[in-house]
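Understanding the architecture of this molecule
Here is how the chains run, residue by residue.
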Amino acid sequence: MTPTPRPSPDLTRETDPAVRFDAVGLRYGRGPEILSDLSFDLPSGSFHFLTGPSGAGKSSLLRLIYRDRQPSRGLISLFGRDTALMPREDLPGLRRRIGVVFQDFRLLGHLSVFDNVALPLRVAGQARASYADDVADLLAWVGLGERLHALPASLSGGEQQRAAIARAVISRPDLLIADEPTGNVDPAMAHRLLRLFVELNRLGTTVLIASHDITLVRSLNAPVLELAEGRLVSKPKAA
Ligand SMILES: Nc1ncnc2c1ncn2[C@@H]1O[C@H](COP(=O)(O)OP(=O)(O)OP(=O)(O)O)[C@@H](O)[C@H]1O
C-alpha cells in the first residue's frame, strides 16, 4: 500500500490506548441491556479480533466506537479523550481518524468505485492528482482494477465489500474497525484482505476486526475479544 499523510493532527499521547471501555453497557431504547460490563483497552498500534456468535453484540460494540450510539452507562475513551465530554463539533474530526468497514458497506450509490474510495482523501482536502495513483493501486490490489468507473449497484456483494474496505484503509486511519469484512468473499480473497489489514497495522493503525469466521481468526496469532450474550467472555491479558 502506498503511504498517504494522516488526516488530522495526532494529539494522542503514546501511552493512551486508542480505545478504552470502562464498565460500558448499551441498551436500545427501552429494551434490555444488550452489552454489559465491557471493560477493555485496545492499545495504540495493536491488532485484535472481536468474535462471538450472531447476536452477541459485535456490531453494537463497533457502533459505540464510532459513536453511532452512546453507551447507556460506563465510559468510552478514544485516543485518550472521554467521548462523553467531547463537544459535538469535534465529532467529524474524531470520525476522520477512524476507518470503518460497515457490514452493509454503505457505499455512495451515485459515486463510482474510484470516487467512493477517494472520498476520505477528498474530505481531508487532498488534490485528486496527489491520490489518483494510490487509489487505483489499492483498488487493483483488492481485485477491482477493472471496476474503477463502475457504480456500486453494478458490483457483486463481494466487490462492494472490497470497495468498502479500500475506502476504509486508503487514508491510513489511526484506528480501523471492520464488521465481518470478509463475509462475502472466498477464502483466498479473505486472506488477501487480512494481509492488507496486517500491513496497515504494521504502518501504525490500531485494528479491530469483528468476525465469526474462526478459521480466519485463528490464521493470525492476534489477541481475541470474545463476546457472548453481550458480555466479554475472554479478552487478552494485556487488555
Ligand atoms: N437498532 C437496534 N434496535 C434494537 N435492538 C437491536 C438493534 N441493533 C441490534 N439489536 C439487538 O442487539 C443484539 C446484538 O446485535 P448485534 O447486531 O450487535 O450482534 P452481532 O454480534 O453483530 O450479530 P451478527 O453477527 O449477526 O451481525 C441483538 O439481540 C439484536 O437484536
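The residue count restarts for each chain, going from 1 along the sequence in the order it is written. Only residues with pLDDT of at least 70 are given local features in this predicted model, and only at 80 or more are side-chain atom pairs given and counted; all residues enter the totals for whole chains, interfaces and linings.

Applied cut-off: UniProt positions are given in the numbering used here, feature names are shortened, and annotations may be inferred rather than shown by experiment.
Under an unreviewed UniProt entry, the name given to the chain is Cell division ATP-binding protein FtsE, and the organism recorded is Alkalicaulis satelles. If you open the UniProt record of the chain and go to Subunit (unreviewed entry), you find "Homodimer. Forms a membrane-associated complex with FtsX." UniProt's Function (unreviewed entry) comment on the chain is quoted here verbatim: "Part of the ABC transporter FtsEX involved in cellular division. Important for assembly or stability of the septal ring."

**Topic: the sheet that holds strand S6 (residues 98–101)**
Using the following cut-off: What makes two strands pair is DSSP finding at least two bridges between them. Secondary structure is summarised from DSSP: a helix means a run of H or I of at least four residues, a strand means a run of E of at least two, and numbering begins at the N terminus for each. Only the stretch in contact is used when fitting a helix axis, every axis being a line fitted to C-alpha atoms; angles between N-to-C directions are given from 0 to 180 degrees. The contact criterion used is a C-beta to C-beta distance within 7 Å, with each C-beta placed from the backbone.
Judged by pairing direction, the sheet is mixed, and its six strands sit side by side in the order S6-S7-S8-S3-S9-S10 without closing on themselves. Every interior strand has two partners, whereas the edge strands, S6 and strand S10 (231–234), have only one. Each strand of the sheet is rotated relative to its neighbour by a mean of 20°, with strand direction disregarded. Relative to the sheet, helix H5 (residues 157–169) contacts S6 and strand S7 (175–179), its axis offset from that of S6 by approximately 175°. With respect to the sheet, helix H6 (residues 187–202) is in contact with strand S3 (47–51), S7 and strand S8 (206–210), its orientation differing from that of S8 by roughly 155°.

**Thoughts on the domain arrangement of the chain**
Note the cut-off: The split of the chain into domains comes from an automatic or database domain assignment. Each residue receives one of three labels: charged for Asp, Glu, Lys and Arg, nonpolar for Ala, Val, Leu, Ile, Met, Phe, Trp, Tyr, Cys and Pro, and polar for the others, Gly being one of them.
Domain annotation for the chain reports domain 1 (14–97 + 173–239) and domain 2 (109–171). Its C-alpha centre places domain 1 at a distance of 24 Å from the equivalent point of domain 2. If you look at the interface, domain 1 gives 11 residues, while domain 2 gives 10 residues. The set of elements that each furnish at least two residues to the side of domain 1 that touches domain 2 consists of S7 and H6. Among the elements that make up the side of domain 1 that touches domain 2, the one with the highest residue count is H6 (four residues). Split by residue class, the side of domain 1 that touches domain 2 holds nine nonpolar, one polar and one charged.

**Structural notes on the site of the ligand**
Spelled out, the test is: Only the C-beta atom matters for this test: placed from the backbone, it must lie within 6 Å of a molecule or strand for the residue to be near it.
Around the ligand lies a shell formed by Tyr-28, Gly-31, Ile-34, Gly-52, Ser-54, Gly-55, Ala-56, Gly-57, Lys-58, Ser-59, Ser-60 and His-212. The greatest single-element share of the shell around the ligand, amounting to three residues, is contributed by helix H1 (residues 58–65). Partitioned by chemical class, the residues of the shell around the ligand number three nonpolar, eight polar and one charged.

**Here we look at the sheet that holds strand S2 (residues 33–42)**
An order of S2-S1-S4-S5 is seen for the four strands of this open sheet, with the pairing classed as antiparallel. On the outer flanks of this sheet lie S2 and strand S5 (81–82), each paired with one strand and no other. The pairing of strand S4 (residues 73–78) with S5 spans two bridges and is antiparallel. Each bridged residue has a counterpart across the sheet, and for Ser-77 the counterpart in S5 is Asp-82.

**Some points on the packing of helix H3 (residues 113–123) against helix H4 (residues 128–141)**
The following threshold applies: Should an angle fall under 35 degrees it is taken as roughly parallel, and over 145 as roughly antiparallel, whereas 65 to 115 is taken as roughly perpendicular and any remaining angle as oblique. Working rule for handedness: look at the near helix, and if it is turned counterclockwise from the far one by less than a right angle, call the crossing left-handed; if clockwise, right-handed.
Where H3 contacts H4, the axes come no closer than 10 Å and their chain directions differ by 125°. By the angle between their axes, H3 is oblique relative to H4. Handedness of the crossing formed by H3 with H4: right-handed. Along the contact surface, H3 presents Val-113, Phe-114, Val-117, Ala-118 and Leu-121, while H4 presents Tyr-131, Val-135, Leu-138 and Leu-139. Its residues assigned to classes, the contact of H3 with H4 shows nine nonpolar, no polar and no charged.

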